[in-house]
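Descriptive structure summary
Spelled out, the chains give:
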Amino acid sequence: MIETLQWSTLAICALVAAARIPSTLRGENRSLFGIFALMTLAILLSIQGPYLAIDRALGGINVANLVLRFVIFGAIFFMGIRISKGFGAEDAYKLITGRPGIVVLAAISACMLALFFMMDTNGSSAGLTGVVGTDPWNSAMLEYYGAAGRAYPAYVTLALLPAMVRAVASRLPALVRVAAGLLGFGAVATGLTLLFPLIPPSLGHIEFIINYTAVLCFVVGLALIWVAKVVNGRIAAARRKSTGK
């Protein structure tokens, strides 16, 4: 089930990214293509087979996991900018790009790097599940490392959540409100990742479901905003044509 969810999510992300290529080549909304491309890469690096191949090429010490974390940070950062600007959420934009957001990003990144190099990360293992061992120190560092990796995406998406709630309750076009609802749901799912330490190992599959649900909500939500823009543009063009303007 988990593997099917992973590959399905990868396929959806890749297809949406590919659909953006023509517009990107015309210089339209290049940031949107960048977000989809980063999300696609993040999903690829989270799947066992591709992860092992890439990490072994990088030395087999799970550097690919560190790369994955920063790819996610980049995707979330640019997505936060895109969404906050698109919905006129000045408060969220300041929280993400202003001093608070930069301080949070720098602090979390520094902690994550320090924790990574304090662990024994030998032996490629997707999700670092194979490097825990029986060493209490390594186990604790891995827990903190995972928490740091989840903290920044949660910060950005929860900063966006109020704007998504306002958009759903507004009189914006239906497609945009649906998109806002999906983005808001993705934000909630990302926030729930902060509770992962409370989930018992026997229910570990729930973490995968929450993570990939969030990704799918973000990808589909952003894609719907793009579709809504295209549809509204065509409607406006048709109206101008019908009125002879």
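Each remark here, short or long, concerns the structure printed above.
In what follows, the accompanying structure is described. (Residues numbered from 1 in each chain as written. Predicted model: local features only at pLDDT ≥ 70, side-chain atom pairs only at ≥ 80, totals over all residues. Heavy atoms only, no water.)

Further remarks concern the pattern of salt bridges. If charged atoms from side chains of opposite charge come close, those side chains can pair. Throughout the structure, instances matching the rule amount to two salt bridges. Note that Glu28 and Arg26 form a salt bridge whose closest N and O atoms lie 3.3 Å from each other. When its relative accessible area of 53% is taken as the criterion, Arg26 is described as exposed. In this structure, Asp91 and Arg166 form a salt bridge, with 3.8 Å as the shortest nitrogen-oxygen distance. Of this pair, Asp91 sits in helix H6 (residues 90–97) while Arg166 sits in helix H8 (residues 136–168), placing them 75 residues apart in sequence. Exposure remark for Asp91: the relative accessible area of 41% places this residue in the partly exposed category. Since its relative accessible area comes to 45%, Arg166 is described here as partly exposed. (Salt bridge = Lys/Arg side-chain N within 4 Å of Asp/Glu carboxyl O. Buried < 20%, exposed > 50% of the residue type's maximum accessible area, 1.4 Å probe, protein only. Helix = DSSP H or I, 4+ residues; strand = E, 2+ residues; numbered from the N terminus.)

Here we take up the packing of aromatic side chains. All told, the structure shown has six aromatic pairs when counted by the stated rule. Following the ring pairs from residue to residue traces out a cluster consisting of Phe70, Phe73, Tyr152 and Tyr155. Directly above the aromatic system of Trp226 lies the positively charged group of Arg20, at a separation of 4.6 Å from the ring centroid. (Phe/Tyr/Trp six-rings, centres within 6.5 Å; stacked < 30°, edge-to-face > 60°. Lys NZ or Arg CZ within 6 Å of the ring centre and 35° of its normal.)

This part is about a nonpolar patch on the surface. A surface patch of nonpolar side chains, amounting to about 370 Å² of accessible area, comprises Val188, Leu192, Leu195 and Leu198. Summarising the element assignment, Leu198 is placed in the loop between helix H9 (174–192) and helix H10 (205–243). According to the relative accessible area criterion, Leu198 is exposed, its value standing at 69%. (Patch = residues over 30% accessible without salt bridge, like charges linked within 9 Å, V, L, I, M, F, W, Y side chains within 5 Å. Areas by Shrake-Rupley, 256 points an atom, 1.4 Å probe, with all protein chains shown as cover.)

Moving on, we get to H8. Residues separated by three or four positions in an α-helix point in the same direction, a consequence of the helix having 3.6 residues per turn. The first and last C-alpha atoms of H8 sit 46 Å apart over 33 residues, in line with the 48 Å expected at 1.5 Å per residue. Along its length, H8 reaches its greatest deviation from straightness, about 35°, at Leu161, and the proline Pro162 lies no more than four positions downstream. (Expected span 1.5 Å × (residues − 1). Bend = angle between axes of the 7 residues up to and from the residue.)

At a minimum axis distance of 8 Å, the contact between H8 and H9 shows a crossing angle of 150°. Along this stretch, H8 crosses H9, giving a crossing that reads as left-handed. Where H8 abuts H9, its residues Pro153, Ala154, Thr157, Leu158, Leu161, Met164, Ala167 and Val168 lie against Arg177, Ala180, Gly181, Leu183, Gly184, Ala187, Val188, Thr190 and Gly191. Taken together, the residues of the contact of H8 with H9 sort by class into 11 nonpolar, five polar and one charged. (Axes fitted to C-alpha atoms, helices over the stretch in contact; angles between N-to-C directions. Left-handed = near helix turned anticlockwise from the far one by under 90°. Contact = heavy atoms within 4.5 Å. Nonpolar A, V, L, I, M, F, W, Y, C, P; charged D, E, K, R; others polar.)

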